[in-house]
Amino acid sequence: MTTLSSRACAGMAVLLLPLLSACTADPAAPAAPAATPGPTSAHRLADSKALRLPLDDYLLTTTDAGELARARDSLMRRCLGGLGAPYTPRARENADIETNERRYGLADAELAKQHGYHVPDMAKTAEDYPSAIMPLVTGEATTHNGVPVPEGGCAGQAQRELHEADLQGALALPQKLNMESYLKSQKAPAVVKATEAWSACMKESGHTYPDPLAAINDKEFSSATAGTHEKEVALADVLCKQKVNLVGIWSDAEGEYQRFAIETNKSVLAEPLTAKQKTMAAAKAAAAQ
């Protein structure tokens, strides 16, 4: 694959940042695992909703992002109250799509029947503040009721308290490794073989696609809502994935690549792990206030 569609990469929420320097292996360290996963007996995995991959520990998962958003809301509420402009953001829940749920394309038969490849409408997750207090949110106003507005507004103050700028910088390497493992695993022999089996299964159902990404990116399915044909293709896609265990085989192969990447970059991955832990600790403290 060369390009991920918005539907296919729902779990890859943050854009990749420039390549960071790779660390040099310690000659005294134990031998690193092979760069290319060997043939293994993949575990069966019909649905990727609960799928976790090794690099998830170094990235913001859907759950992490939800906790961070709620902490930001709590800090915003406290800041605006202190400025004499009390406002309580609407309570929010985690996004419906889990971190790796669509990493290998659609894998939920019920969603396929109801929505085809389209992502179901989700509850609004971004808070729109009333126009009257937006200058306090963004920092366009410098004072309010004689009280100084924090630099960058309440939003800027919340980001500083949550160390978000440091986190985004630290995430560059794990994001890069996350994308690389996806692209490499796509070419793993076991995945190629399973993809060919998926394609043959689809052909038996009357649908000709070389791989699941070709199906999910079919221009015919670009309308605002899913039609009958799209739902039929999507359901066949999911059922064929289940038949050939594509999600289990692919996730096993990618997990091996990610473990190798973590071992190889162990020293430099300490920074993003610490940055994430620092931000999430601050988020939990803020939400508890």
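Each remark here, short or long, concerns the structure printed above.
Residues numbered from 1 in each chain as written. Predicted model: local features only at pLDDT ≥ 70, side-chain atom pairs only at ≥ 80, totals over all residues. Heavy atoms only, no water.

### Re the packing of helix α6 (residues 172-186) against helix α10 (residues 246-264)
Stated formally: Every angle, taken between N-to-C directions, lies between 0 and 180 degrees, and every axis is a line fitted to C-alpha atoms, over only the stretch in contact when it is a helix. Counting from the N terminus, the helices are the DSSP runs of H or I reaching at least four residues and the strands are the DSSP runs of E reaching at least two. Roughly parallel here means an angle under 35 degrees, roughly antiparallel means over 145, roughly perpendicular means 65 to 115, and every remaining angle is called oblique. For any pair of crossing helices, the crossing counts as left-handed if the nearer helix is rotated counterclockwise from the farther one by less than a right angle, and right-handed if it is rotated clockwise. By definition in these notes, contact holds between two residues if any of their heavy atoms fall within 4.5 Å.
Between α6 and α10, the least distance of the axes is 9 Å, while the angle of their chain directions is 135°. With respect to α10, the axis of α6 lies oblique. In terms of crossing hand, the pair formed by α6 and α10 is right-handed. Of α10, the residues touching α6 (which contributes Leu177, Asn178, Ser181, Tyr182, Lys184, Ser185 and Gln186) are Trp250, Ala253, Glu254, Tyr257, Gln258 and Ala261.

### Section: the environment of Asp64
Turning to its location among the elements, Asp64 is positioned in helix α1 (residues 62-82). Sequence spacing of Asp64 and Thr99 is 35 residues, and the spatial spacing of their C-alpha atoms is 9.7 Å. For Asp64, the residues in contact, after removing those within four places along its chain, are Leu59, Lys276 and Met280.

### As for unusual backbone geometry
A positive phi is found at His163, a non-glycine position, where the angle reads about 55°. On the secondary structure map, His163 appears in the loop between α4 (153-161) and α5 (164-170). Even without glycine at this site, Asn245 takes up a positive phi of about 60°.

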